[in-house]
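Read off the chains here:
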Amino acid sequence: MGEIRDAAVEIHDWVSANGIPHFFIGDIAVQFWGRPRATVDVDVCAVVPPQDADRAVELLLASFKSRVPNPADFAAQHGVLLLFASNGCGVDVSLSGFWFDSEALERTSDLEAAPGKRLPVCSAEDLIVMKSIAGRARDEDDLKVVIQLERDRLDVKLIRRLLKEYAALTDEDEPAQRFECFWLRFGEQDKEQFDA
């Protein structure tokens, strides 16, 4: 975990120095809101306006090595830069990867990665939305754990609003249905058992 922490601090310091608002997602956020698990890379969302994305990519590639050939083309196609930190750890930089990322910036919590060094981590609600959208088996496992551990503190109305907005943008309702299924099984049901 030490190498991952160092890589996260390095990318945090870089984007902060370059004035790029950001927050951490992926495994770091799962560990913050869920449970410890092996982390193989660092995922960070850099909130960059579309007109500034090319310049951000250029600056990042001037400071970090790419993990793929033709990284600028890859970023334009997939919205993410796959980089190496100086210690060799993978760093995935999403360039405004979510429609709600500017709003999500206001909901971050601080993870103390080292003395005096705090990293902004996405909220549990935003993590749940991302995991509901991704929908892989691993994401569903994370969804279950975060709901179980945070259920009494979750803003369920916010989660539902964001997933409704996603459905309106994409005409895809499966993420909302996935959340409701997991909330019924591991949120509401567990609360009823706890209160009984």
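Further up the page is the structure itself.
Residues numbered from 1 in each chain as written. Predicted model: local features only at pLDDT ≥ 70, side-chain atom pairs only at ≥ 80, totals over all residues. Heavy atoms only, no water.

1. A word on the overall build of the protein chain
Looking only at helices and strands, the protein chain has nine helices and seven strands in total. For 196 residues, the compact-globule estimate of 2.2 N^0.38 gives 16 Å, and the C-alpha radius of gyration of the protein chain, at 17 Å, lies within 12% of that figure. The principal-axis extents of the C-alpha atoms in the protein chain amount to approximately 55 × 40 × 30 Å. A burial count over the protein chain gives 48% of its 196 residues as buried. In the protein chain, of all internal contacts separated by at least 6 residues, the share reaching a separation of at least 24 is 62%. Per element, the accessible surface of the protein chain, about 10,100 Å² overall, is 50% carbon and sulfur. (Helix = DSSP H or I, 4+ residues; strand = E, 2+ residues; numbered from the N terminus. Rg over C-alpha atoms; globule rule 2.2 N^0.38 Å. Buried < 20%, exposed > 50% of the residue type's maximum accessible area, 1.4 Å probe, protein only. Contact = heavy atoms within 4.5 Å. Areas by Shrake-Rupley, 256 points an atom, 1.4 Å probe, with all protein chains shown as cover.)

2. Some words on the pairing of strand S7 (residues 117–121)
Each regular strand displays side chains that alternate between the two surfaces of the sheet. Two elements, strand S6 (residues 109–114) and S7, share five bridges in a ladder whose sense is antiparallel. Across the sheet, residue Ala 114 finds its bridge partner in S7, namely Lys 117. (Pairing = 2+ DSSP bridges.)

3. Comments concerning the packing of helix H6 (residues 124–134) against helix H7 (residues 137–150)
In contact at an axis separation of 9 Å, H6 and H7 are set at 150° when each is read in the N-to-C sense. Relative to H7, the element H6 is oriented roughly antiparallel. As for how H6 packs across H7, the hand of that crossing is left-handed. Of the residues in H7, those in contact with Ala 124, Leu 127, Ile 128, Lys 131, Ser 132 and Ala 134 of H6 are Asp 139, Asp 142, Leu 143, Val 146, Ile 147 and Glu 150. (Axes fitted to C-alpha atoms, helices over the stretch in contact; angles between N-to-C directions. Parallel < 35°, antiparallel > 145°, perpendicular 65-115°, else oblique. Left-handed = near helix turned anticlockwise from the far one by under 90°.)

4. Concerning the packing of helix H2 (residues 26–33) against H6
One way to put it is that H2 packs onto H6 with a least axis distance of 10 Å and a crossing angle of 130°. Considering the angle they form, H2 stands oblique to H6. Crossing angle aside, the handedness with which H2 passes H6 is left-handed. Contacts between H2 and H6 involve Ala 29, Val 30 and Trp 33 from the first element and Ala 124, Leu 127 and Lys 131 from the second. In the contact of H2 with H6, the residues fall into five nonpolar, no polar and one charged. (Nonpolar A, V, L, I, M, F, W, Y, C, P; charged D, E, K, R; others polar.)

5. Focus on the environment of Phe 179
Structurally, Phe 179 can be placed in helix H9 (residues 174–195). Once the C-alpha coordinates of Phe 179 and Ser 63 are considered, the two residues, 116 residues apart in sequence, prove to be 39 Å apart.

6. Let's talk about helix H8 (residues 156–170)
A rise of 1.5 Å per residue sets the reference length of H8, with its 15 residues, at 21 Å; its end C-alpha atoms lie 21 Å apart and thus fit the reference within 8%. Residues Val 156, Leu 158, Ile 159, Leu 162, Leu 163, Tyr 166 and Ala 167 constitute the buried set of H8. If you check the start of H8, you find a side-chain oxygen 3.3 Å away from the backbone N of Lys 157, and it comes from Asp 155. Asp 171, located one to two residues past H8, shows a positive phi value of around 60°. (Expected span 1.5 Å × (residues − 1). Polar contact = N/O pair within 3.5 Å; in protein donor to acceptor, adjacent residues only side chain to side chain.)

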